[in-house]
Amino acid sequence: MTLRHRERHRTARIGWLRAAVLGADDGIVSTASLVLGVAAANGTHSSVMVAGIAGLVAGAMSMAAGEYVSVRSQADSEQAALGMERAELKADDKAEHQELAAIYVQRGLGPALAKQVAQQLMAHDALGAHARDELGISETLRARPIQAAFTSAASFAAGAAMPLLVAAMVPAATLILVVSGISLVFLAILGGVAARVGGAPMTTGAIRVTFWGALAMGLTAGVGALFGTVA
Ligand SMILES: [Zn+2]
């Protein structure tokens, strides 16, 4: 009983924490890459900072917009499915009982017990039972678009602020080395923490996030250096 409870807790917590960590990861990777790209193209310190700040704002806004649209459209399709289910329940109660019982039989209950379970659950909350067991919509997963948009934007901005602050403080000569180094350390920590919270191995999580971050930064810096010498 305790174990089940803790498991449930864990999945609920992973939802928003995972989104927040992913947002911060994105903020670090894209802003550090921008800063490194402009620096590698021999941009002045102020153009490096302007690129970084623009990247922070643009990234946070696009995260918010993307998250809002995706959560909203998910909520819309859930509402539409619930509306259809409500109409079906009204139109043909008997068929809906059979439908739910068939689902429980598929999951391993005997026909007689499945029928009884369907009857009792539908007497208690017919729409809720169909939403959960037929459509897979549960109360805890119900969408909150504004909250999701704000969380994504805020976590992206928090991640993006890290390479920006570092870039603001270090001299141009060491900027590339220090920004990339510190960003990779932060990515490794975040990747490890995210994996830990999700119950996955920490090292694997850290290595995965750091690898992709290093790839993004290296590629952007390479392109910056290339265009810097061409221009
Ligand atoms: Zn149904």
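Residues numbered from 1 in each chain as written. Predicted model: local features only at pLDDT ≥ 70, side-chain atom pairs only at ≥ 80, totals over all residues. Heavy atoms only, no water.

K.L.:
Whenever I open this one, the nonpolar core confuses me. Can you help?
P.N.:
For soluble globular proteins, the rule of thumb is that nonpolar side chains tend to be buried together. Counting 30 residues, the largest nonpolar core has Val35, Ala167, Leu175 and Val179 as the members making the most contacts within it. Among the elements of the structure, helix H1 (2-40), helix H2 (45-91), helix H5 (145-169), helix H6 (172-197) and helix H7 (202-230) are those that each provide at least two residues to this core. Sequence-distant contacts of valine 179, defined by excluding residues within four places in its chain, comprise Ala32, Val35, Leu36, Pro163, Val166 and Ala167. Core analysis: the second largest hydrophobic core is formed by 9 residues, Leu100, Ala114, Ala118 and Met122 among them. (Core = buried A, V, L, I, M, F, W, Y, C linked by side-chain atoms within 4.5 Å. Buried < 20%, exposed > 50% of the residue type's maximum accessible area, 1.4 Å probe, protein only. Helix = DSSP H or I, 4+ residues; strand = E, 2+ residues; numbered from the N terminus. Contact = heavy atoms within 4.5 Å.)

K.L.:
Is there a simple way to explain the coordination of the zinc ion in this structure?
P.N.:
Ideal geometry at a metal centre: 109.5 degrees between donors when four sit tetrahedrally, and 90 or 180 degrees when six sit octahedrally. The zinc ion binds to the protein through Glu85 (OE), Glu96 (OE), Glu99 (OE), His130 (ND1) and Glu134 (OE), with metal-donor distances spanning 1.8 to 2.3 Å. Between consecutive donor residues of the zinc ion, the sequence gaps follow E-x10-E-x2-E-x30-H-x3-E. Taken together, the residues glutamate 96 and glutamate 99, both in helix H3 (residues 93-106) and 3 residues apart, mark about one turn of the helix. (Donors = N, O, S within 2.8 Å, 3.2 Å for Na, K, Ca; no water.)

K.L.:
Got a minute to help me understand helix H4 (residues 111-135) in this structure?
P.N.:
An α-helical segment advances 3.6 residues per turn. Residues three or four places apart therefore align on the same side. With 25 residues, H4 should reach 36 Å at 1.5 Å per residue; the first-to-last C-alpha distance of 21 Å falls well below that figure. Aspartate 125 marks where H4 bends most, by close to 120°. Among all positions in H4, only Ala114, Ala118, Met122, Gly128, Ala129, His130, Ala131 and Asp133 are buried. Among the structural elements, H2 and H3 are those in contact with the buried residues of H4. At the C-terminal side of H4, glycine 136 shows a positive phi close to 75°. (Expected span 1.5 Å × (residues − 1). Bend = angle between axes of the 7 residues up to and from the residue.)

K.L.:
So what exactly am I meant to see when it comes to unusual backbone geometry here?
P.N.:
Glycine aside, a negative phi is what most residues show, and trans is what most peptide bonds show. Backbone geometry places asparagine 42, a non-glycine residue, at a positive phi of 60°. Locating asparagine 42 in the fold gives a position in the loop between H1 and H2. Given the relative accessible area of 64%, asparagine 42 is considered exposed.

K.L.:
Looking at this structure, how should I read the packing of aromatic side chains?
P.N.:
Between two aromatic rings, the relevant description is the distance of the centres plus the angle of the planes. The tally for this structure, following the rule as stated, stands at 1 aromatic pair. Relative to tryptophan 212, the ring of phenylalanine 211 has its centre 5.4 Å away and its plane inclined at 80°; by these criteria the two rings are edge-to-face. Under the relative-accessibility criterion, phenylalanine 211 is labelled partly exposed at 47%. (Phe/Tyr/Trp six-rings, centres within 6.5 Å; stacked < 30°, edge-to-face > 60°.)

K.L.:
Can you help me understand a nonpolar patch on the surface in this one?
P.N.:
A cluster of nonpolar side chains, contributed by Ile53, Val57 and Met61, occupies part of the molecular surface with about 290 Å² of accessible area. Taking relative accessible area as the criterion, methionine 61 reaches 55% and is therefore assigned exposed. (Patch = residues over 30% accessible without salt bridge, like charges linked within 9 Å, V, L, I, M, F, W, Y side chains within 5 Å. Areas by Shrake-Rupley, 256 points an atom, 1.4 Å probe, with all protein chains shown as cover. Salt bridge = Lys/Arg side-chain N within 4 Å of Asp/Glu carboxyl O.)

K.L.:
Please clarify how H6 should be interpreted in this entry.
P.N.:
For H6, built from 26 residues, the straight-helix expectation of 38 Å at 1.5 Å per residue is met to within 8% by its first-to-last C-alpha distance of 37 Å. Along H6, the sharpest kink reaches roughly 25°, centred on valine 178. Regarding H6, the residues found buried are Leu175, Val179, Ser180, Ser183, Leu187, Leu190, Gly191, Gly192, Ala195 and Val197. Glycine 199 sits one or two residues past H6 and shows a positive phi near 80°.

K.L.:
Explain the environment of methionine 61 here, please?
P.N.:
Of note, methionine 61 is situated in helix H2. C-alpha separation for the pair methionine 61 and serine 152, spaced 91 residues apart in sequence, amounts to 9.0 Å.

K.L.:
Please clarify how the environment of leucine 187 should be interpreted in this entry.
P.N.:
You can see leucine 187 is positioned in helix H6. The class of leucine 187 is buried, set by a relative accessible area of 0%. Taking C-alpha positions, leucine 187 is 6.2 Å from valine 209, a pair spaced 22 residues apart along the chain. Look past the residues within four positions of leucine 187 in its chain and what remains in contact with it is Asp25, Ile28, Val29, Val209, Thr210, Gly213 and Met217.

K.L.:
Which parts of the structure should I look at to understand the packing of H2 against H3?
P.N.:
Geometrically, a packed helix pair is captured by the angle between its two axes and the distance between the axes. For the pair H2 and H3, interaxial distance at closest approach is 5 Å and the crossing angle is 115°. Contact residues: H2 offers Glu85, Glu88, Leu89 and Ala91, while H3 offers Asp93, Glu96 and Glu99. Residues that form the contact of H2 with H3 fall into these classes: 2 nonpolar, no polar and 5 charged. (Axes fitted to C-alpha atoms, helices over the stretch in contact; angles between N-to-C directions. Nonpolar A, V, L, I, M, F, W, Y, C, P; charged D, E, K, R; others polar.)

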